[in-house]
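Each chain, letter by letter, is given below.
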2 protein chains.
Amino acid sequence: MTIEIERRFLLKNNNWRALAGEPETMRQGYLSVEKERTIRVRIIGNRAWLTLKGYISDVARSEFEYEIPLPHAETMMQTMCPFKLEKRRYKIDYRGFVFEIDEYFGENAPLIVAELELPNEDAAFAKPEWLGEEITSDGKFTNAYLSKHPYSEWGGR
Amino acid sequence: MTIEIERRFLLKNNNWRALAGEPETMRQGYLSVEKERTIRVRIIGNRAWLTLKGYISDVARSEFEYEIPLPHAETMMQTMCPFKLEKRRYKIDYRGFVFEIDEYFGENAPLIVAELELPNEDAAFAKPEWLGEEITSDGKFTNAYLSKHPYSEWGGR
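We now turn to the structure provided with this report. (Residues numbered from 1 in each chain as written. Chains lettered and ligands numbered in written order. Predicted model: local features only at pLDDT ≥ 70, side-chain atom pairs only at ≥ 80, totals over all residues. Heavy atoms only, no water.)

### Focus on the packing of aromatic side chains
Within the structure shown, the criterion is met by 20 aromatic pairs over all chains. With a centroid separation of 5.1 Å and an interplanar angle of 70°, the aromatic rings of Trp16(B) and Tyr90(B) are classed as edge-to-face. Taken together, the residues Trp16(B) in the loop between strand 1 (2-11) and strand 2 (24-34) and Tyr90(B) in strand 6 (residues 83-94) connect sequence positions 74 residues apart. Classification of Trp16(B) by relative accessible area gives buried; the value is 0%. For Tyr90(B), a relative accessible area of 10% puts it in the buried group. With 5.0 Å between their ring centres and 65° between their planes, Tyr151(B) and Trp154(B) make a pair best called edge-to-face. Overall, Tyr151(B) belongs to the partly exposed group, its relative accessible area being 22%. The buried category is assigned to Trp154(B), whose relative accessible area is 18%. An aromatic cluster of at least three residues, connected via ring pairs, comprises Phe9(A), Tyr94(A), Phe97(A), Phe99(A), Phe125(A) and Trp130(A). For Lys140(A), the ring lying beneath its charged end belongs to Trp154(A), and the centroid distance is 5.2 Å. (Phe/Tyr/Trp six-rings, centres within 6.5 Å; stacked < 30°, edge-to-face > 60°. Helix = DSSP H or I, 4+ residues; strand = E, 2+ residues; numbered from the N terminus. Buried < 20%, exposed > 50% of the residue type's maximum accessible area, 1.4 Å probe, protein only. Lys NZ or Arg CZ within 6 Å of the ring centre and 35° of its normal.)

Limitation: the analysis is restricted to geometry and does not speak to function.
What follows is the structure, given as structure tokens:
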């Protein structure tokens, strides 16, 4: 098990794109979407993972991840995952930290979210000028929530 | 993925005990208990597995099983599984088929259920005289349901 400490932000502008490398395309399906436990299948290219996340706080989650055979993941995705999403993930090294920027497809477009993994909840980090409002404590921006309630259907925000 | 075809029965009497070998003790926790998908952690001795089951019919279920490190399973069991149960499993070879007999502990005592895995839904098999009522289509006798609604609380059956 690992403890994942993560803060999440909206983007203020598109200046991050100039710093980003080639993105990876991720397909994710959810077998369970609850605050205390989310169970996710993730496919990137020809590799796949099954990931279980528990809740510690809005910032910290316990995480168990296992690589699984791609055909298993495809079958799970098709037959067992009521909720799915697709996104492109860009990575940006910025003053000693790696920002992961997720650009959502389909029903969750045009949402873009930046994630920052930290060594502890209070770790200081330099904020790039393109980083917008923090949404760490807003459960609506979790992938699990988005898979169930796509961003394009929120209306109004 | 495997397809598990299984019929389940109550026991008519205790004559099966004379045929049974040493049982294994199993602890099971459930991360998700839905008809279309159950997600189970199972611990036997110092080994553990994460198992996902999908629904095909009352008799047939798709199954994905992965062995996981015991400490992961213990942490999942303690922090992520709202529903748990414990049972002793006996195996009996009977005329070419293996009956697995589960004797439940704790809140699910004194329930005993026999399971028979079959090569297909219509496979013929010899019924031992100790085999009772078939409960394959009765969702109440699934481990997932029992973990949530223990047998001792049913009252009246």
